[in-house]
Each structure stands twice: as structure tokens, then as C-alpha cells.
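Here are the chains, one letter per residue:
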Amino acid sequence: MKGASFWQQVWHTLLNLLFVPRCAVCGTRLPPGSELPLCPMCRTLYENDKEVTCPVCAGRMGDCLCVPRDMPRCGVRRMVKLFRYRPGADDASAKMIYALKHRNLKILQDFFAKELALPLSGLVEQPGEWVVTYPPRSKGAGRRDGFDHAGALAAALAKCLGCRFTCAFIREDGAKDSQQKRLSRTARFAAARKSYRLRPQQGLAGKHVIVVDDVVTTGATLAACARLLRHEGAVKEVVFAVLAQTPSQKGRV
Ligand SMILES: [Zn+2]
Ligand SMILES: [Zn+2]
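I will try to describe carefully the structure that is included in this document.

**Let's talk about the overall build of the protein**
Phase 1 of the analysis: Across its full length, the protein carries 9 helices and 8 strands.
Phase 2 of the analysis: A buried classification covers 47% of the 253 residues belonging to the protein.
Phase 3 of the analysis: Expressed as a percentage of contacts within the protein between residues at least 6 apart in sequence, the contacts between residues at least 24 apart total 72%.
Phase 4 of the analysis: Carbon and sulfur atoms make up 54% of the accessible area of the protein, which totals about 13,300 Å².

Structure below.
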């Protein structure tokens, strides 16, 4: 009996270590049952990160639906985004994106899904007409972390909005995600076009489709997905929903 209680204690200690919710930014322990992935201080920092002015309409970025100016025309006129992304920066939001990519944290996925659902709820009047999907990562990247963060985010968003979630795309293992980062802008668009195929019989014709991703940089991946959805999937409309937008090197967005 003594042995059993010892192992029970070890088990509980392990469970606590593994499952005690911690702040996704600073790692501080959160109260049990916490619905937010952030401690109060990091929540304030995150809210500050969201106070970004949109360079296209000069309004608050999170409230507008502007598409980046240097994104080539792919027939998408509405994009929901929350903040600006500076890779490797000390921003609370950048650290949250890092945690989203590398740790399969449901609390963080649900938090970001709710954040995106807020501006989208004005558009999604009839959830039955809307479908949520995402561009899958290359097999190498997916295998390394054991999950696809954009897929998890898209599924959580579909649940928030009450609409259907589907894996609309098949990823060809051409250019790996890590290789794509080193390509020039033009090469990136060409590679993205070759990287995705539309899965047949998704019932997307005539639907509004939300394509979810974490960060938009050149927009090559999202543009490739939008083209497939419009030309092969015959969808009514494509809307992008991303957490963050990277400012382009030219200073434009
Ligand atoms: Zn914190
Ligand atoms: Zn705007």
C-alpha cells in the first residue's frame, strides 16, 4: 500500500508538471481551470500588440478587412488579422505564435480561434454557407511537431463560428516549408502554386470559404490556395483569416 501511494504521488506530480496551465508567454503558473492562456501581465502586453494601425486604411488593424497591398491579385478582398508579426522579437504576440507552432496547446488554439471569430462573426451570418480550411504544412514539418497548428486553429475557429471544417488541400511534398523561406518572392509564388492540390468532392461549390493561417508574409501560400478554391472548387468567395501580418521589406504592408 505504501508503494502504491508513493507511485500515486509520483503520478500526480507528473500530471501536475505536464498539465498545470502555464502562461504561453512567460511560463507563469495559471490558476487551475483558467480559460486564458496568459497571465494578467502578458494579457496586457498582448492587447498592446494588437493596437496596430493598418497602413492601408489607417484604422485599427484588427477591425479592418484590408488585404496587404503587395499581395498579388488573387480575387480575395477581405482578410481578418489581429496584429503585426516581427519574427524573433520580444513581443508577447510573437511568443504566442511560437508556442502555437511548437506546442499542441488546446487552450491557446481556442483563445486565438475566439480572437479571429470576433471580427468574422459580422461576416458569417449564415454558418451553413461557410466552410473553414487551411493550407497544410509539408510532411517534414508536420512530422517534427506531430501536429499541424494551422489545422488545429482552423478546426477551433469552425467550432466557434458554427460552420463546417474541412481539409480542402493536399500538400505535395515539393518545396519544404523551411526551404521556401529562403526563396525569392517570385520563386515563392511559383513554389506555392506547385505545392497544393484541391482534394476532390469537398462540396465547396457556391460556399464562402475561410482560409486560416498563422502568419502571412508574402501571401504566396494563401494566394495559391485562393486560386485553387476559386477556379477548381468554384467557391463563391474566399476570405483569409490570419493571426499576424509581417511588414514587407519595402515598408509597405
Ligand atoms: Zn505571462
Ligand atoms: Zn485596413
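**Focus: the coordination of the zinc ion (ligand 2)**
Phase 1 of the analysis: Here the zinc ion (ligand 2) is held by Cys54 (SG), Cys57 (SG), Cys64 (SG) and Cys66 (SG), and the distances to it run 2.3 Å.
Phase 2 of the analysis: In this structure, the zinc ion (ligand 2) is surrounded by 4 donor atoms whose angles at the metal cover 105 to 112°, and the resulting shape is tetrahedral.
Phase 3 of the analysis: Binding-site remark: the zinc ion (ligand 2) is held by donors from one chain whose sequence spacing is C-x2-C-x6-C-x1-C.
Phase 4 of the analysis: For Cys66, a relative accessible area of 16% gives the class buried.

**As for the pattern of salt bridges**
Phase 1 of the analysis: Summed over the entire model, instances satisfying the criterion amount to 12 salt bridges.
Phase 2 of the analysis: The partner of Glu47 in a salt bridge is Lys50, with the nearest N and O atoms 3.8 Å apart.
Phase 3 of the analysis: Since its relative accessible area comes to 25%, Glu47 is described here as partly exposed.
Phase 4 of the analysis: Taking the relative accessible area as the measure of exposure, Lys50 reaches 11% and is therefore buried.
Phase 5 of the analysis: Notably, a salt bridge pairs Asp214 with Lys101, separated by 3.0 Å at the nearest N-O pair. Of this pair, Asp214 sits in strand 7 (residues 208-216) while Lys101 sits in helix 3 (residues 92-102); the two residues are 113 residues apart in sequence, bridging distant segments of the chain.
Phase 6 of the analysis: With relative accessibility at 5%, the residue Asp214 sits in the buried group.

**Re the coordination of the zinc ion (ligand 1)**
Phase 1 of the analysis: Only Cys23 (SG), Cys26 (SG), Cys39 (SG) and Cys42 (SG) from the protein reach the zinc ion (ligand 1) as donors, at distances of 2.2 to 2.3 Å.
Phase 2 of the analysis: If you look at the zinc ion (ligand 1), its 4 donor atoms make angles of 100 to 116° with each other, and the shape they trace is tetrahedral.
Phase 3 of the analysis: Among the residues examined, Cys26 registers a relative accessible area of 40% and is labelled partly exposed.
Phase 4 of the analysis: Here Cys42 falls in the buried class, since its relative accessible area comes to 2%.

**Thoughts on the nonpolar core**
Phase 1 of the analysis: Core analysis: the largest hydrophobic core is formed by 45 residues, its most contacted members being Tyr46, Phe112, Leu120, Leu157, Ile210 and Leu243.
Phase 2 of the analysis: At the level of elements, helix 2 (40-49), helix 3, helix 4 (106-120), strand 3 (130-133), helix 6 (149-161), strand 7 and strand 8 (237-245) are the ones that each hand at least two residues to this core.
Phase 3 of the analysis: The residues contacting Phe112, other than those within four sequence positions of it, are Tyr46, Leu82, Phe83, Met96, Leu100, Leu153 and Leu243.
Phase 4 of the analysis: In this structure, Val67, Ala168, Leu204 and Leu228 belong to the second largest nonpolar core, which totals 28 residues.

**Looking at helix 6**
Phase 1 of the analysis: For helix 6, which comprises 13 residues, the first-to-last C-alpha distance of 18 Å matches the rise-based estimate of 18 Å (1.5 Å per residue) to within 8%.
Phase 2 of the analysis: All of the buried residues in helix 6 are His149, Ala150, Gly151, Leu153, Ala154, Ala156, Leu157, Ala158 and Leu161.
Phase 3 of the analysis: Of the surrounding elements, those touching the buried residues of helix 6 are helix 3, helix 4, strand 3, strand 4 (164-165), strand 7 and strand 8.
Phase 4 of the analysis: The backbone nitrogen of Ala150 has a side-chain oxygen 3.2 Å away, supplied by the residue at the start of helix 6, namely Asp148.

**Here we look at unusual backbone geometry**
Phase 1 of the analysis: Although it is not a glycine, Ala58 adopts a positive phi angle of roughly 70°.
Phase 2 of the analysis: Classification of Ala58 by relative accessible area gives exposed; the value is 57%.

Thresholds, definitions, all that
Residues numbered from 1 in each chain as written. Chains lettered and ligands numbered in written order. Predicted model: local features only at pLDDT ≥ 70, side-chain atom pairs only at ≥ 80, totals over all residues. Heavy atoms only, no water. Helix = DSSP H or I, 4+ residues; strand = E, 2+ residues; numbered from the N terminus. Buried < 20%, exposed > 50% of the residue type's maximum accessible area, 1.4 Å probe, protein only. Contact = heavy atoms within 4.5 Å. Areas by Shrake-Rupley, 256 points an atom, 1.4 Å probe, with all protein chains shown as cover. Donors = N, O, S within 2.8 Å, 3.2 Å for Na, K, Ca; no water. Tetrahedral: all angles 85-135°; square planar, octahedral: opposite > 155°, others 65-115°. Salt bridge = Lys/Arg side-chain N within 4 Å of Asp/Glu carboxyl O. Core = buried A, V, L, I, M, F, W, Y, C linked by side-chain atoms within 4.5 Å. Expected span 1.5 Å × (residues − 1). Polar contact = N/O pair within 3.5 Å; in protein donor to acceptor, adjacent residues only side chain to side chain.

The quantities given are spatial measurements derived from coordinates; they are silent on function.
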